[in-house]
Amino acid sequence: MAEPEPEQAAVVPLYLKVATALRGDLTDRRLAPGSRLPSERSLAHRYHVNRATVRSALQLLREERLVVTDRRGTFAAGPEHEPRTPALTPRRQVFPGGAEAADALVRASLAWEAPPAALTGRLALVPGEPTLVHRHVVLSPGGAALQRSVSWFSRPALAEIPQLGRYRRGKGAGRNGATLQPDLRLLYHWMHQAGLRLTRRESIGVPPGPATAAGGGAARLVVHRVVSDQHGRALEITDIDFAAQGAAWTYEFSG
C-alpha cells in the first residue's frame, strides 16, 4: 500500500494522511473493488498511528463511498455499493469547508477571537472571551465570493471534543494569525465520538437591502445554524451567506 506523504502535523491531521494513502490505493486499484482492507490494528501498525486515527480515516472514506463496512470487516467499494437512488440517499451532514477544503476555489481558516456580543452567552463565554472561529469562502472562477460562512465554537465544544482542542490558541490558531485550510469535515463525527447527541436548528432568510456580502449582486440567502447537544448546550453556531443564483444549498442530516 502507498505510504502517507510527509506533511507538517500541525497542518494536516494524522487521520487525513492515512485517508490520503488509502484513497490512493483505492483509486489506483491497488485495492481491488470488493477486496477486504487490513484490520484496524494492522493499519495502525503500518502507519504508526493509534486505532482511533485509523477509525477516523475509514469513516472519512465511508463518507466518500470508497469503502463499506459490515460485520465481516471493511471492503473497497464496488459497483454493487452504488446507491440506486442518489437523490434520495441520506448523507451525513458535512461541516462547511470540509470535503472541498483543498480546492483552489475554496478558502478556509481558523482563528482565535471573541465572538459577537449577542453570541457570547449562548457559547457559554464571558464578554470579551475568545474562542475558536472557522471561516470558509467559496469563490467563483472569476474570484467572486459565492458563499461565506463563519462558525463560532462554544466552551463545552472545545472542552469535550479532543480533535477541536488541538486548535486551541497556541496549538494552531492565534488571535491575529490563522490556520489556513483546516479540514473539519468530520466535525459532526467527532461530536458523536465524544458521546454528544446532536440537534441542529437551521433558519433560512432573505437579508434586507442590496446584495453585498456574497455573489456580486446576485440574490442572496442566509442560513443561521445552531448545533446543540443532548443537554441543550450550543456546540457550534454558524452563519452562512450565499448567492442564491450562483450556489446550491443542500441539507444533509444524520441521526
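Remember, predicted model here, so these are calculated numbers, not experimental data.

**Looking at the overall build of the protein**
Step number 1: Broken down by element type, the protein carries seven helices and nine strands.
Step number 2: A fraction of 63% describes how many contacts in the protein between residues 6 or more apart in sequence connect residues 24 or more apart.
Step number 3: Total accessible area computed for the protein in this model is approximately 13300 Å², and 54% of it derives from carbon and sulfur atoms.

**Here we look at the pattern of salt bridges**
Step number 1: Per the counting criterion, the structure on display carries 11 salt bridges.
Step number 2: Between Arg233 and Asp229 there is a salt bridge, with the nearest N and O atoms lying 2.7 Å from each other.
Step number 3: According to the relative accessible area criterion, Arg233 is partly exposed, its value standing at 27%.
Step number 4: Judged by relative accessible area, which is 3%, Asp229 ranks as buried.
Step number 5: It is possible to trace a salt-bridge network through shared partners that takes in Asp25, Asp28 and Arg30.

**Some remarks on the packing of aromatic side chains**
Both the distance between ring centres and the angle between the ring planes are used here to describe each pair of aromatic rings.
Step number 1: Within the structure shown, the criterion is met by one aromatic pair.
Step number 2: Ring geometry for Tyr15 versus Trp190: centroids 6.0 Å apart, planes at 90 degrees, classification edge-to-face. Linking Tyr15 in helix α1 (residues 14–27) with Trp190 in helix α7 (residues 187–193), this pair joins segments that are 175 residues apart in sequence.
Step number 3: On the accessibility criterion, Tyr15 (5% relative accessible area) is buried.
Step number 4: Looking at Trp190, the relative accessible area reads 1%, which means it is buried.

Criteria and cut-off values
Residues numbered from 1 in each chain as written. Predicted model: local features only at pLDDT ≥ 70, side-chain atom pairs only at ≥ 80, totals over all residues. Heavy atoms only, no water. Helix = DSSP H or I, 4+ residues; strand = E, 2+ residues; numbered from the N terminus. Contact = heavy atoms within 4.5 Å. Areas by Shrake-Rupley, 256 points an atom, 1.4 Å probe, with all protein chains shown as cover. Salt bridge = Lys/Arg side-chain N within 4 Å of Asp/Glu carboxyl O. Buried < 20%, exposed > 50% of the residue type's maximum accessible area, 1.4 Å probe, protein only. Phe/Tyr/Trp six-rings, centres within 6.5 Å; stacked < 30°, edge-to-face > 60°.

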